[in-house]
Amino acid sequence: MYYLSVEHGGRGGCIVNVASMAGLNPNPFSPVYGCTKAGIIHATRCYAVSEAAKKSNIRLNVMCPAFVDTPMFRQMAAGDASQTIGGDQTAVNAFIERIGVLSTEDVSAALIDILTDETRNGLILRCAKKTGNVYSTLTVQDV
Ligand SMILES: NC(=O)C1=CN([C@@H]2O[C@H](COP(=O)(O)OP(=O)(O)OC[C@H]3O[C@@H](n4cnc5c(N)ncnc54)[C@H](O)[C@@H]3O)[C@@H](O)[C@H]2O)C=CC1
Ligand SMILES: CCCCCC(=O)/C=C/C=C\C/C=C\C/C=C\CCCC(=O)O
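Here the residue index of a chain counts from 1 through its sequence in written order. Just so you know, chain letters begin at A and ligand numbers begin at 1, following the order they were written in. In keeping with the model being predicted, local features are shown solely for residues with a pLDDT of at least 70 and side-chain atom pairs are shown and tallied solely at 80 or more, while totals for entire chains, interfaces and linings include all residues. Working from all heavy atoms in the structure, the side-chain values ignore hydrogens and water.

- Per an unreviewed UniProt entry, the recorded name for the protein is 15-hydroxyprostaglandin dehydrogenase [NAD(+)], and the organism is Dreissena polymorpha.
- Here is the UniProt Sequence similarities (unreviewed entry) comment for the protein, exactly as written: "Belongs to the short-chain dehydrogenases/reductases (SDR) family." UniProt positions are given in the numbering used here, feature names are shortened, and annotations may be inferred rather than shown by experiment.

1. Some points on the sheet that holds strand β2 (residues 58-65)
Argument step 1. Pairing is mixed in the open sheet, where four strands are placed in the order β1-β2-β3-β4. The outermost strands of the open sheet, each flanked by one partner alone, are β1 (13-18) and β4 (132-136). Ignoring strand direction, the axes of neighbouring strands in this sheet form an average angle of 25°.
Argument step 2. One bridge is not enough; two strands pair if DSSP finds at least two bridges between them. Runs of H or I in DSSP of at least four residues are treated as helices and runs of E of at least two as strands, each being numbered from the N terminus. Two elements, β2 and strand β3 (residues 124-128), share four bridges in a ladder whose sense is parallel. Note that in β3 the partner of V62 across the bridge is I124.
Argument step 3. We call two residues in contact whenever any of their non-hydrogen atoms come within 4.5 Å of each other. Note on geometry: axes are C-alpha line fits, over the in-contact stretch for helices, and angles between N-to-C directions span 0 to 180 degrees. Contacting β1, β2 and β3, helix α1 (residues 31-48) runs over the sheet at an angle of about 160° to β2.
Argument step 4. Along the sheet face, helix α5 (residues 104-116) touches β1, β2, β3 and β4 and points at about 160° away from the line of β2.

2. Observations regarding the site of ligand 2
Argument step 1. Neighbouring ligand 2 are 15 residues; S20, A22, N25, Y33 and I99 lie closest to it.
Argument step 2. Between ligand 2 and Y33, the relevant distance is 2.7 Å, taken from an oxygen atom to a side-chain nitrogen or oxygen of the residue.
Argument step 3. Those elements that place two or more of their residues in the shell around ligand 2 are α3 (71-77) and α4 (89-99).
Argument step 4. Here the nonpolar group is Ala, Val, Leu, Ile, Met, Phe, Trp, Tyr, Cys and Pro; Asp, Glu, Lys and Arg are the charged ones; every other residue, Gly included, is treated as polar. Looking at side-chain class alone, the shell around ligand 2 contains 10 nonpolar, five polar and no charged residues. Throughout, the term near means that a residue has one or more heavy atoms lying within 4 Å of the molecule or strand in question. We define a polar contact as two N or O atoms separated by no more than 3.5 Å, with the added condition that, inside protein, one atom must be a possible hydrogen donor and the other a possible acceptor, whereas residues neighbouring each other in sequence contribute only through side-chain atom pairs.

3. Thoughts on the site of ligand 1
Argument step 1. Lining the immediate environment of ligand 1, one finds 13 residues, of which Y33, K37, V68, T70 and M72 sit closest.
Argument step 2. Here an oxygen atom of ligand 1 sits 2.9 Å away from a polar atom, N or O, in the side chain of K37.
Argument step 3. At 3.0 Å from an oxygen atom of ligand 1 is found a main-chain nitrogen or oxygen belonging to M72.
Argument step 4. Contact with the protein chains removes 42% of the 830 Å² of surface that ligand 1 exposes when unbound.
Argument step 5. Elements supplying a minimum of two residues to the shell around ligand 1: α1 and α3.
Argument step 6. Residue composition of the shell around ligand 1, by class: 10 nonpolar, two polar and one charged. Only the protein chains shown count as cover for residues, with accessible areas throughout obtained via the Shrake-Rupley method and a probe of 1.4 Å.

Written out as structure tokens, the structure is:
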């Protein structure tokens, strides 16, 4: 945000943080990973409503993909990943089967939508194979 800000020579812009569906929906396989992603989601939403962001015309949004076919995902599906707490790989694989797996192209298209649609700010973009891309907010009451 410092370098995007007008007072430091920037022109504003759009920050897209990468969290995960695991930061929204609880799952039994990755509690610590899920907690870090929940933190990223909340930090993004707080900075999106900050005076500093508004003043400098900076938008912040956060992407929450479900499974995406990347090296990390393949490692996890093969039963060898630090993101999961281990245990029953059959249950992990059944979970993956149920949720579905996005391609990296699916996620790139979602990213381009956030970057190009200047009305998007402070939003959570859930991306999942079965439900597609869904924007939402968790706001209970405006402050
Ligand atoms: N693959 C999935 O199913 C999902 C992934 N995500 C998130 O998407 C993001 C990317 O994940 P993947 O592509 O799956 O992981 P990945 O492990 O396949 O790729 C991560 C890439 O980041 C690079 N990297 C790591 N530390 C770095 C650093 N300090 N500076 C620069 N580059 C660095 C690695 O070299 C690697 O190329 C992560 O934040 C992950 O938590 C979110 C939801 C689902
Ligand atoms: C489980 C290890 C996480 C590793 C990588 C990652 O971030 C993948 C997340 C995938 C799913 C997130 C977990 C729970 C989501 C639960 C339900 C999603 C429902 C999707 C839908 O169809 O709406």
